[in-house]
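Topology and contacts: notes
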Amino acid sequence: MAIALITATFTASPATAATQRDTFDKYNGVLPDQYYDGLARCETGGNWKHSTRSYTGGLGIYRGTWKTWSDSSSAKGKTPAQQVKVADAIAFKSHINPDGSKVWRVGPWGWGCLKGQKSLQAFICKSRHSLVARWKRGCGIVRKSN
């Protein structure tokens, strides 16, 4: 009985093991789900319904930027996965407007929370996704600081 208790105490459950790996199934984003959860916690306290005069959604996107990159004026009514899709477009994907003008991707470094969060920076620096590769140029600087 004591052995069973010790084994149960020190054996990681499948749920615990899953949270220790990068997963992509919640948001289906360019970066792991843990990145978006951490960014939302930092930007808005994890409030995916966040709304101020200037910023919208759980990732704290400026309303003008949101409107440029989505089909709406705010994140109101959008699921976290839909908000991540817009955030990924802003950071990693260019697009053509109906009027023919091109809107260039801006990269992931624009989120204020990234400047002080080494754990969030690490997701970018360690990513193998082709859309993230060009944005790793700041990673050498990130790795040198403690």
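The paragraphs below set out a description of the structure included in this document. The structure displayed is predicted, hence computed values, not measured ones. (Residues numbered from 1 in each chain as written. Predicted model: local features only at pLDDT ≥ 70, side-chain atom pairs only at ≥ 80, totals over all residues. Heavy atoms only, no water.)

1. Focus: unusual backbone geometry
Keep in mind that most residues, glycine aside, have a negative phi and that most peptide bonds are trans. Unlike most non-glycine residues, Asn-28 shows phi in positive territory, near 55 degrees. Here Asn-28 shows up in the loop between helix H2 (14-20) and helix H3 (33-44). (Helix = DSSP H or I, 4+ residues; strand = E, 2+ residues; numbered from the N terminus.)

2. So, the nonpolar core
Tyr-35, Tyr-36, Leu-59 and Trp-111 are the most contacted members of the largest nonpolar core, which has 28 residues in total. Looking at this core, the elements with two or more residues in it are H3, helix H4 (63-69), helix H5 (80-92) and helix H6 (118-126). With 7 residues, H5 is the largest single contributor of residues to this core. Other than its neighbours up to four places away in sequence, Tyr-36 contacts Tyr-27, Gly-29, Val-30, Leu-31, Trp-48, Leu-59, Val-84 and Asp-88. (Core = buried A, V, L, I, M, F, W, Y, C linked by side-chain atoms within 4.5 Å. Buried < 20%, exposed > 50% of the residue type's maximum accessible area, 1.4 Å probe, protein only. Contact = heavy atoms within 4.5 Å.)

3. Concerning empty space enclosed by the protein
Applying the stated rule across the entire model yields 1 cavity of 30 Å³ or more. Its boundaries defined by the atoms lining it, the largest cavity holds a volume of some 40 Å³. Along its surface, the largest cavity is lined by Leu-31, Tyr-35, Tyr-36, Leu-39, Ala-87, Asp-88, Ala-91, Phe-92, Pro-108 and Trp-111. Among the elements of the structure, H3 and H5 are those that each provide at least two residues to the lining of the largest cavity. Here the residues of the lining of the largest cavity are counted per class, giving 9 nonpolar, no polar and 1 charged. (1 Å grid on protein atoms, 1.4 Å probe; cavity = no way out; pocket = protein on both sides within 12 Å on 5 of 7 lines; lining within 4 Å. Points joined across faces, edges and corners; volume = space filled by probe spheres on them. Nonpolar A, V, L, I, M, F, W, Y, C, P; charged D, E, K, R; others polar.)

4. Quick notes on the environment of His-50
Locating His-50 in the fold gives a position in the loop between H3 and strand S1 (55-56). Residue class for His-50 comes out partly exposed when judged on its relative accessible area of 21%. Residues His-50 and Lys-76, 26 residues apart in the sequence, show an inter-C-alpha distance of 8.4 Å. Excluding residues within four positions of it along the chain, His-50 makes contact with Thr-44, Tyr-55, Thr-56 and Gly-57.

These figures capture arrangement, not role.
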